[in-house]
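Below are the chains, spelled out letter by letter.
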Amino acid sequence: MKKPLTKHNRIKVGYQELTLGIQSATFQANNDSYGEFDHRKNTIQITEGLSDLDYSCTLLHEIIHAVCYYYGLTQTGQPLDTEAKEEVVINNIANGLTGVLKDNPFILKELAQRLHNVR
Ligand SMILES: [Zn+2]
């Protein structure tokens, strides 16, 4: 597993700690994606060679997958209990958040300061 651009490659989501890595691009199958959250391996893999915008959106997307999984939203009877529902909801939330954060860069700084002050 290659490492991401920054020195940080551990992401805590709820009780779990995930390893963030960069995976080689194959794009040989129609279902190849830009990223993957694997709850069995506790990993998030982002495909190498993405633009910074695609990398950012994909990382948010996979983190949201992890949040939904660890907080039970993908279990039977819950709002995201099919892959189709999960993918539509997560894709739109990740795309929307990426746009908001791209268009309003102060928000990340604001959140970092306020969340850091919580501890
Ligand atoms: Zn997805």
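Relevant structure appears above.
Rules behind the numbers
Position numbers for residues count from 1 along each chain, tracking the sequence in the order it is written. Given that this is a predicted model, residues contribute local features only at a pLDDT of at least 70 and side-chain atom pairs are listed and counted only at 80 or more, while totals for whole chains, interfaces and linings are drawn from all residues. Strands pair, by our definition, only if DSSP identifies at least two bridges between them. The way it works is that DSSP assigns letters per residue, a run of H or I at least four long becomes a helix, a run of E at least two long becomes a strand, and they are numbered from the N terminus. Here, axes are lines fitted to C-alpha atoms. For helices the fit covers the stretch in contact, and angles between N-to-C directions go from 0 to 180 degrees. Each angle gets one of four labels, with under 35 degrees taken as roughly parallel, over 145 as roughly antiparallel, 65 to 115 as roughly perpendicular, and the rest as oblique. By convention the crossing between two helices is left-handed if the near helix lies anticlockwise of the far one by an angle smaller than a right angle, and right-handed if it lies clockwise. Two residues qualify as a contact pair if the distance between their C-beta atoms, derived from the backbone, is within 7 Å. Backbone-placed C-beta atoms define the burial measure: a residue is buried with 20 or more other C-beta atoms within 10 Å of its own, exposed with 12 or fewer, and partly exposed in between. Only buried residues count toward a nonpolar core: Ala, Val, Leu, Ile, Met, Phe, Trp, Tyr and Cys, linked into one set through C-beta atoms within 7 Å.

Digging into the pairing of strand β4 (residues 43–47)
- Bridging between strand β2 (residues 16–23) and β4 involves 5 bridges; their strand directions are parallel. Bridging across to β4, threonine 19 finds its partner in threonine 43.
- Sheet topology note: the strand β3 (residues 35–38)/β4 ladder contains 4 bridges and is antiparallel. Residue pairing in the sheet places aspartate 38 in a bridge with threonine 43 of β4.
- What sits between the antiparallel neighbours β3 and β4 is a turn of 4 residues, in which asparagine 42 has the positive phi angle 55°.

Looking at the packing of helix α1 (residues 52–70) against helix α2 (residues 83–103)
- Orientation of α1 relative to α2, taken along the N-to-C sense of each, is 135°, at an axis distance of 9 Å. Between α1 and α2, the interaxial angle falls into the category oblique. Every pair of crossing elements has a handedness; the one defined by α1 and α2 is right-handed. Touching Ser56, Cys57, Leu60, His61, Ile64, His65 and Cys68 of α1 are Glu86, Ile90, Asn91, Ile93, Ala94, Asn95, Leu97 and Thr98, all from α2.

Focus: the environment of histidine 61
- With respect to the helices and strands, the residue histidine 61 is situated in helix α1.
- Classification of histidine 61 by C-beta neighbours within 10 Å gives buried; the count is 23.
- For the pair histidine 61 and asparagine 95, spaced 34 residues apart in sequence, the C-alpha separation works out to 7.9 Å.
- Among all residues touching histidine 61, those that are not within four sequence positions of it are Gly35, Ile90, Asn91 and Ala94.

Let's talk about the environment of glutamine 45
- With respect to the helices and strands, glutamine 45 occurs in strand β4.
- The class of glutamine 45 is buried, set by 23 C-beta atoms lying within 10 Å.
- For the pair glutamine 45 and leucine 59, spaced 14 residues apart in the sequence, the C-alpha separation amounts to 8.5 Å.

Section: the nonpolar core
- Residues Leu18, Ile44, Ile63, Ile64 and Ala66 are the most contacted members of the largest nonpolar core, which totals 14 residues.
- Of all the elements in the fold, those that place two or more residues in this core are β2, β4, α1 and α2.
- If one sorts the elements of this core by residue count, α1 sits on top with 6 residues.
- In this view, isoleucine 63 contacts Ile11 and Val13; residues no more than four positions away in its chain are not counted.

A word on the sheet that holds β2
- What the 4 strands build is an open sheet, ordered β1-β2-β4-β3; its pairing is mixed. Two strands bound the open sheet, and with one partner strand each, they are β1 (10–13) and β3. Neighbour to neighbour, the strand axes of the sheet diverge by 25° on average, direction disregarded.
- Against the sheet, α1 makes contact with β1, β2, β3 and β4, and its axis sits at roughly 20° relative to β3, the strand it touches most.

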